[in-house]
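An overview of the molecular structure
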Amino acid sequence: MPPLQDHPLRYALTNELHARPSPVIAVPSTAVFLALKPAQDAVARDRGSDRAHLVDLLDRHGAPHPAPEATHHAAEAGRHGLKWENHTEFTTWMAHAEGLTERPFDPAAFDVFPADWLAAAPGVRVTSILFRIEEMPLSGGACDGQALHRKLDEWFVAESLAAVAVLDGAAVVASDFRIDPAGHVRMAVFVRPETGARRIGRVVQRLCEIEMYRAMSMLGLARARTVSAEMGALDRRLADLQAQMAGGASQAEQVLDALMTVSAELERLDMASSFRFGATRAYEAIVHDRIAVLREARFEGRQTLAEFMRRRWDPAMRTVKAAEARLALLSERAMRAGRLLSTQVEVARSAQNQEVLRSMDRRADLALRLQHTVEGLSVVAISYYAVGLASNVAAPLVEPFGMGKTGVAALLTPLVVLGVWLALRRIRARLH
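Residues numbered from 1 in each chain as written. Predicted model: local features only at pLDDT ≥ 70, side-chain atom pairs only at ≥ 80, totals over all residues. Heavy atoms only, no water.

Moving on, we come to the overall build of the protein chain. Summing up its helical and strand segments, the protein chain has 9 helices and 11 strands in all. The globule rule puts the C-alpha radius of gyration for 432 residues at 22 Å, and the 45 Å found for the protein chain is more than 25% above it. Once the C-alpha set of the protein chain is aligned to its principal axes, its extents read approximately 160 × 60 × 50 Å. Relative to its full complement of 432 residues, the protein chain shows a buried share of 40%. Of the contacts formed within the protein chain by residues at least 6 apart in sequence, a portion of 73% connects residues at least 24 apart. Total accessible area on the protein chain stands at roughly 24,000 Å², and carbon and sulfur atoms take up 58% of it. Of the charged side chains in the protein chain, 52 are positive and 50 negative; the average position of the first set lies 7 Å away from that of the second. (Helix = DSSP H or I, 4+ residues; strand = E, 2+ residues; numbered from the N terminus. Rg over C-alpha atoms; globule rule 2.2 N^0.38 Å. Buried < 20%, exposed > 50% of the residue type's maximum accessible area, 1.4 Å probe, protein only. Contact = heavy atoms within 4.5 Å. Areas by Shrake-Rupley, 256 points an atom, 1.4 Å probe, with all protein chains shown as cover. Lys, Arg positive; Asp, Glu negative; His and termini not counted. Charge placed at Lys NZ, Arg CZ, Asp CG, Glu CD.)

So, on to the pairing of strand β5 (residues 124-135). Working note: regular strand, side chains alternate between the two faces of the sheet. By the bridge criterion, 9 bridges tie strand β1 (residues 29-37) to β5 in an arrangement that is antiparallel. From the neighbouring strand, L34 faces β5, where its bridge partner is S128. Pairing analysis gives 7 bridges linking β5 to strand β10 (residues 185-191), with the strands arranged parallel. Paired with E135 across the two strands is V191, which belongs to β10. (Pairing = 2+ DSSP bridges.)

Within this structure, the stated rule accounts for 11 aromatic pairs. Residues F105 and W155 carry aromatic rings whose centres are separated by 5.5 Å and whose planes lie at 85° to one another, so their mutual orientation is edge-to-face. In this pair, F105 is assigned in the loop between β4 (91-98) and α3 (115-119) and W155 in helix α4 (residues 145-155), connecting sequence segments 50 residues apart. For W155, a relative accessible area of 9% gives the class buried. Judged by centre distance (4.8 Å) and plane angle (25°), the ring pair of F177 and F308 falls under stacked. Taken as a pair, F177 in strand β9 (residues 171-179) and F308 in helix α7 (residues 305-312) lie far apart in primary sequence, 131 residues in all. For the pair formed by F177 and F308, the shared burial category is buried. Ring-pair connections join several aromatic residues into one group, and the members of that group are W84, W93, F110, F113 and W117. R10 extends its terminal NZ or CZ atom over the ring of Y11, reaching a point 5.5 Å from the ring centre. (Phe/Tyr/Trp six-rings, centres within 6.5 Å; stacked < 30°, edge-to-face > 60°. Lys NZ or Arg CZ within 6 Å of the ring centre and 35° of its normal.)

Right, let's talk about a nonpolar patch on the surface for a bit. Residues V356, L357 and M360 make up a contiguous nonpolar surface patch of about 280 Å² in total accessible area. In this fold, M360 is placed in helix α8 (residues 314-398). (Patch = residues over 30% accessible without salt bridge, like charges linked within 9 Å, V, L, I, M, F, W, Y side chains within 5 Å. Salt bridge = Lys/Arg side-chain N within 4 Å of Asp/Glu carboxyl O.)

On to the nonpolar core, then. Within the largest apolar cluster, 63 residues are counted, with the highest numbers of intra-cluster contacts made by F131, I133, V189, L207 and L305. For this core, the element with the highest residue contribution is helix α5 (residues 197-244), accounting for 16 residues. When sequence neighbours within four positions are dropped, the list of residues in contact with I133 reads I25, A26, V27, P28, S29, A31, L100, V189, V191, I200 and V204. Judged by nonpolar contacts, the second largest core, of 34 residues, contains A77, A95, F105 and F113. (Core = buried A, V, L, I, M, F, W, Y, C linked by side-chain atoms within 4.5 Å.)

On average, residues of the protein chain carry a pLDDT of 86, and 94% of them reach 70 or more. When mean pLDDT is compared element by element in the protein chain, β10 scores highest at 97, while helix α9 (residues 405-431) scores lowest at 74. (pLDDT = per-residue confidence, 0-100.)

Moving on, we come to unusual backbone geometry. Cis rather than trans, the peptide bond between V27 and P28 has omega equal to -5°. By the element assignment, P28 lies in the loop between α1 (10-16) and β1. The phi angle at E69 is positive, at roughly 65°, despite the residue not being glycine. Examined against the element boundaries, E69 turns out to sit in the loop between α2 (47-61) and β2 (72-77). Even without being glycine, R295 reaches a positive phi, approximately 50°. By the element assignment, R295 lies in the loop between α6 (249-293) and β11 (297-298).

We now examine the sheet that holds β1. Strands belonging to one sheet form pairs held by backbone hydrogen bonds; the direction of such a pair is parallel or antiparallel. Sheet architecture is open: 9 strands sit in the order β2-β3-β4-β1-β5-β10-β9-β8-β11, paired in mixed fashion. A single partner strand is all that each edge strand has here, and the edge strands are β2 and β11. Where α4 meets the sheet, it contacts β5, β8 (162-166), β9 and β10, and its direction lies at approximately 170° from that of β10. On top of the sheet, α5 reaches β1, β3 (80-86), β4, β5, β8, β9 and β10; it is set at about 155° to β5, its chief contact. (Axes fitted to C-alpha atoms, helices over the stretch in contact; angles between N-to-C directions.)

Let us look at the pattern of salt bridges. A side chain of one charge can pair with a side chain of the opposite charge when the charged atoms of the two come close. A full pass over the atoms with the stated rule returns 30 salt bridges. Close ionic contact of E159 with R312 constitutes a salt bridge, the shortest N to O distance being 2.6 Å. Residue E159 is found in the loop between α4 and β8, and its partner R312 is found in helix α7; the two are separated by 153 residues along the sequence. On the accessibility criterion, R312 (31% relative accessible area) is partly exposed. One salt bridge connects E209 with R206, and the closest N-O pair in it is separated by 3.8 Å. Residue E209 and its partner R206 are both found in helix α5; the two are separated by 3 residues, about one turn of the helix. A network of salt bridges, in which partner residues are shared, links E159, R178, R311 and R312.

As structure tokens, this is what we get:
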């Protein structure tokens, strides 16, 4: 085959299909998961600090460093398998090791992350999970429901417990999605003996993603509550301004100025919230997708993950969507009111312009009349001086005929006045 030139992004985009592989987790095992996010401006954060934090942990265990600009990395940290991922808004850490703690969900499992290292983390905790992964108790080749129930009732709060069989019965996963006294969410995974380690890793990865994206999506609810409080005040101001629009043209410009202030506030809210609301929609879709991928089935009458989310989490997502829709509606109302007020102001200004034009017409008419008056006076004034000049010229010529200067002036006056008047009319005609 002749050589072909590859697209510059071919390998990078193809490698994205294989990025962030699921961990390989044996049974029994203990796993911990941690998601960190800067408190402010997470998208624009310095990702170099995230990488430096990872390198610090790897150096403590003599593990190899990630490639420059890497967004994920897997390594061995002592007896733990370590996986690091750098996302748009947050960074995640997972560590897993074979064997179970003597006490179920012992917080000491998180000691894989040293206290001083956690204190230097470039962000705050969004969520953390403690996993207990053990073999499924069997009775006659089938899952021993009673033995499992005893463990679930001991480990979790029954009122909010969700327990389901996943991947066609390959495992049973359970969690109450509550934060325990140590600050972690507990999740238990009971695996059938024939289930492979890679499949277990994928189940654990999906559970981490469900909890991680659920927690991130709830940031949208906090933003929606803040925005709703501000929108309430702006809604009342907008309603008052719309009521004042009936006051006529005398108030239109003042109302328009106030309306522009409200519109600017709504635009500020929209700019401050659009990313968070958009991210919440994306996180919601990912959570529903990850639950669907698990192919969950009801286990011993317990509520499923989908039912748990539908009852306790979906209302929060609907609140976010309602806040986003209300903000868009308020912005549209403000725009419509602004257009109406602008039209009202333009009509008022047009009426004012018409009055100005009428006033100018009156002034022009007065000026024209004055001009005619001035023209009459000009004819008299010019004729007066012209008759004087003409008399001085003609007087010597008519003396032999016995005519005096007064007679000459009397004779010339009508002729001069007529000539001046005709000359001025001709000049005015040329000008027009």
